[in-house]
Amino acid sequence: MIRLDFGVHSAYDLKIMPRKVPAPTSPAARLPKCPTGIQGFDEITDGGFPRGRPTLVCGFAGCGKTLLAVEFLVRGATQFDEPGVLMCFEETRAELEANVASLGFDLADLIRRRKLLVDHVRVERSEIHETGEYDLEGLFVRLNHAIDSIGAKRVVLDTIEGLFAALPNEAILRAELRRLFRWLKDKGVTAVITAERGRDQLTRKGLEEYVSDCVILLDHRVNERIATRHLRVVKYRGSLHGTNEFPFLIGDNGISVLPITSLGLNHAVSSERIPSGIPQLDAMLGGQGFFRGGSILLTGTPGTGKTSVAAYFAHASARRHERALFFAFEESPNQVIRNMHSIGLRLEPWVKQGVLRFHAARPTRYGLEMHLATMFKEISAFRPAVVIVDPMTSLLAAGSESEAREMVTRLIDFLKAQQITSLFTSLTHEGSALQQSEIAISSLMDSWLLLQNIESDGERNRGIYVLKSRGMAHSNQIREFVITEQGIDLVDAYIGPGGMLVGAARAAQNAREKAAVVASQQEAMRLRRSLERKHTAVERQIATLRSEYEAEEQEARRAGEQTARRTLVLTSDRAERSRLRLADAKRAVSAPEPTKRGKRKR
Amino acid sequence: MKTKGARRRKSRSSGSPPEFWELRLYVAGQTPRSVTAFANLQQICKGHLKGRYRLQVIDLVAKPQLSKGDQILAIPTLVRKLPEPVRKIIGDLSDTERVLVGLDLRPPPARLTVGDEP
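These numbers were taken from a predicted model, which means no experiment stands behind them.

> I'd like to hear about the overall build of chain B, residue by residue, with values.
Counting its regular elements, chain B contains three helices and four strands. Helices and strands in chain B line up, N terminus first, as α-β-α-β-β-β-α. Looking at chain B as a whole, 30% of its 118 residues qualify as buried. Relative to all contacts within chain B whose residues are 6 or more apart in sequence, the contacts with residues 24 or more apart total 68%.

> Lay out the interface of chain B and chain A in plain terms, naming residues and giving numbers.
Accessible area lost on assembly of the parts is the figure often given for the size of an interface. Listed as interface residues are 33 residues of chain B and, on the opposing side, 24 residues of chain A. Elements with a minimum of two residues in the side of chain B that touches chain A: β4 (87–90) and α3 (96–102) of chain B. If one sorts the elements of the side of chain B that touches chain A by residue count, β4 of chain B sits on top with four residues. Class assignment for the residues of the side of chain B that touches chain A results in 17 nonpolar, eight polar and eight charged. As paired elements, strand β6 (residues 128–130) of chain A and β4 of chain B share three bridges and run parallel to each other. Each residue of the ladder has a partner; that of Glu130 of chain A, found in β4 of chain B, is Ile90 of chain B.

> Please give an account of the pairing of strand β21 (residues 459–469) of chain A that cites residues and values.
Residue and element names in this part refer to chain A. By the bridge criterion, 10 bridges tie strand β20 (residues 447–456) to β21 in an arrangement that is antiparallel. Within the sheet, the bridge partner assigned to Ile454 lies in β21 and is Asn461. Hairpin remark: β20 followed by β21, antiparallel, with two residues in the connecting loop; positive phi at Asp457, about 50°. Bridge count between β21 and strand β22 (residues 479–484): three bridges; the pairing is antiparallel. Residue pairing in the sheet places Ile464 in a bridge with Arg479 of β22.

> If you had to explain the confidence of the model for chain B to someone new, which residues and values would you point to?
All names here are of chain B. Taken as a whole, chain B shows an average pLDDT of 76; of its residues, 75% reach a score of 70 or greater. When mean pLDDT is compared element by element in chain B, strand β1 (residues 21–27) scores highest at 89, while helix α1 (residues 2–14) scores lowest at 44. Every residue in residues 1–17 scores below 50 in pLDDT, and together they form eight contacts with partners more than four places removed in sequence or on other chains.

> Which residues make up helix α10 (residues 306–319) of chain A, and what values do they have?
Two residues of an α-helix separated by three or four positions point the same way, owing to the 3.6 residues in each turn. The end-to-end C-alpha distance of α10 of chain A is 20 Å, a good match for the 20 Å that 14 residues give at a rise of 1.5 Å each. Counting buried positions over the 14 residues of α10 of chain A gives 13, a clear majority of the element.

> Can you tell me about the sheet that holds β20 of chain A, naming the residues and giving the values?
Residue and element names in this part refer to chain A. With mixed pairing, nine strands are arranged side by side in an open sheet as β17-β16-β18-β19-β15-β20-β21-β22-β23. The sheet terminates laterally at β17 (356–360) and β23 (487–492), the two strands that pair on one side only. Going across the sheet, the axis of each strand differs from the next one's by a mean of 25°, ignoring polarity. Across six bridges, strand β15 (residues 295–300) lies against strand β19 (residues 421–427) in parallel orientation. Looking at β19, one finds that Ile296 is bridged to Leu423.

> Provide a residue-level description of the environment of Ile250 of chain A, including the pertinent values.
All names here are of chain A. For Ile250, the position within the fold is in strand β11 (residues 245–251). Of the residues examined, Ile250 has 18 C-beta atoms within 10 Å and is grouped as partly exposed. Measuring from C-alpha to C-alpha, the distance between Ile250 and Gly64 comes to 7.9 Å, with 186 residues separating the pair along the chain. For Ile250, the residues in contact, after removing those within four places along its chain, are Gly64, Leu67 and Ile255.

> So, the sheet that holds β1 of chain B: which residues are in play, and what are the values?
Spatially, β6(A)-β4(B)-β3(B)-β1(B)-β2(B) is the arrangement adopted by the five strands of the open sheet, whose pairing is mixed. Each of the sheet's edge strands pairs with one partner strand only, and the pair in question is β6 of chain A together with β2 (53–59) of chain B. The average angle at which neighbouring strand axes cross in this sheet is 20°, direction not considered. As paired elements, β1 of chain B and β2 of chain B share seven bridges and run parallel to each other. Along β2 of chain B, the bridge assignment pairs Arg24 of chain B with Gln56 of chain B. Set on the sheet, helix α2 (residues 32–48) of chain B makes contact with β1, β2 and β3 (77–82) of chain B; between it and β1 of chain B the angle comes to about 165°.

Analysis parameters
- Residues numbered from 1 in each chain as written.
- Chains lettered and ligands numbered in written order.
- Predicted model: local features only at pLDDT ≥ 70, side-chain atom pairs only at ≥ 80, totals over all residues.
- Helix = DSSP H or I, 4+ residues; strand = E, 2+ residues; numbered from the N terminus.
- Buried ≥ 20, exposed ≤ 12 C-beta atoms within 10 Å, placed from the backbone.
- Contact = placed C-beta atoms within 7 Å.
- Nonpolar A, V, L, I, M, F, W, Y, C, P; charged D, E, K, R; others polar.
- Pairing = 2+ DSSP bridges.
- pLDDT = per-residue confidence, 0-100.
- Expected span 1.5 Å × (residues − 1).
- Axes fitted to C-alpha atoms, helices over the stretch in contact; angles between N-to-C directions.

Set out below in structure tokens:
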């Protein structure tokens, strides 16, 4: 009848469940539910306890049965306008008031406003003598009167098993309890009956036989010195419900069952992008950075700069005047601020302005569910746009791996539902199969960046690459990740025939390349100069040749002129001579002849 | 046993010499069991407490608010308010011997030390 498997089912089962069962076509086909108002509980049970039916809440001492029941009544009275009757068999009204005051429940006020009626049933076995047949009509009358006097819709019987100690005749008692539960149903009140957990059965006295509509099991387990409360819906007749064990928490405003978020994967998505704070990294992520509301995983071995990247992201968010919440599980806020200062990142102004908030806690301080609840509370109070968890892996110290995974799933669901971008850092160990160890978490993440140590040539350098990034084109390149006093710089790694070169090797390669460039430049210069020289030489030669030529030309011209003159002279001479020869004959005729002759002679 | 004895001595010494019994019978409507109980009680009172008792019958159906005061669960319940200590005798009072023990009219037989042992 009762399944007692404590296996933690994957959250996935739960998520697909509402899809498996088609939504009821008419409201009448659906089992009416009575919302408890307890955080997360109504999601698990698809609406709360079965309305008008009794529900059994069982568990060992100190696991929160009474608180659950009281919160059911208080929420009913304050949120759903359903007055309630609390009939307690163990604690007195004053004790109860004091016990739940720490959860912020003011029972006295509710009682004054006739929203709640607390009836303490005190039975002392030493006073009672049995003489013959009886029934529990007195209890019925009393309960009926209590219900009618404030018009109660909800009833809690807190540890009705107390009656077994008071009334010796178990046969009568059992028959009467059966009648009581039947009567409660007929009365139409939603009842919660608490009972102590038995050794081999759900309750010590087998009450689960009588209350069979809905059975809730509470549990308080200590695992590796960390106590965690769990809640499980063992049975819920006529309704679908989460079958998992859900961690729950008793905080200062009541019980919260996790997940607080809904069971579905139907959150809105944004296509808005937000920068990572490192421009080169944005360039690797399609040029614009991450999606708003996305979840980012940053894994790396120790000392690869995870916190620095996370701090950059927080810084970038703060600079946009969007609030960032930084959960530090390893360092104190001041230490983070100081360390980031050394790489040129000043976070304290943002903290002062209230756009950046740190929340630091040792992972082992309390259990996972408490961490989760604290984170929920911080997030709800601060309303950040960006949440950073650094490092997520240290939460493993507060629980088992599967629990941590569940927790991160819930956290991511919660953050996504509110469009909060989340960055989780994750520490991996050197040499371990990186991908393998992260499989559990990585599938939940939208983007996954890997920081890696690259060892070569006697030094260690950091490399960064984008392992995956859903919904955007992203670089497949490994970049060298350099942290300097001025901040983070992503350098294109040198990929040569000998593989990837980083650090000094890259620098050496760069130097070699630079030298080669210089050398070739010099060579070119030299060539140019020699060419120039040649040019000058040629020019000079040309000039020489030209001058020679000109000289020769001049010579030639002069020679020509001389020749012409000589010819002229010769001609004139000849003419003279001939004239002279003729003159001998014609001397008397031409008088001026002697001058000409005399001139020529001179 | 010891405490019980002490209590009884105390009640005897402090109470008035002719002891007075104040009894309340709680019933819920005229059920056969209530009627039987009432009849049985009257018989016992007539036989053992003549003139030394006052009996009040309270019908919880008519006055449900009265169930709280005496912490009544079982019906019928006979509450012995006096002499102290308060004692509740539940059932239809058909076992006269045990009713007499409960009313402190007869010392409890050794085998019938009801009450102290769980």
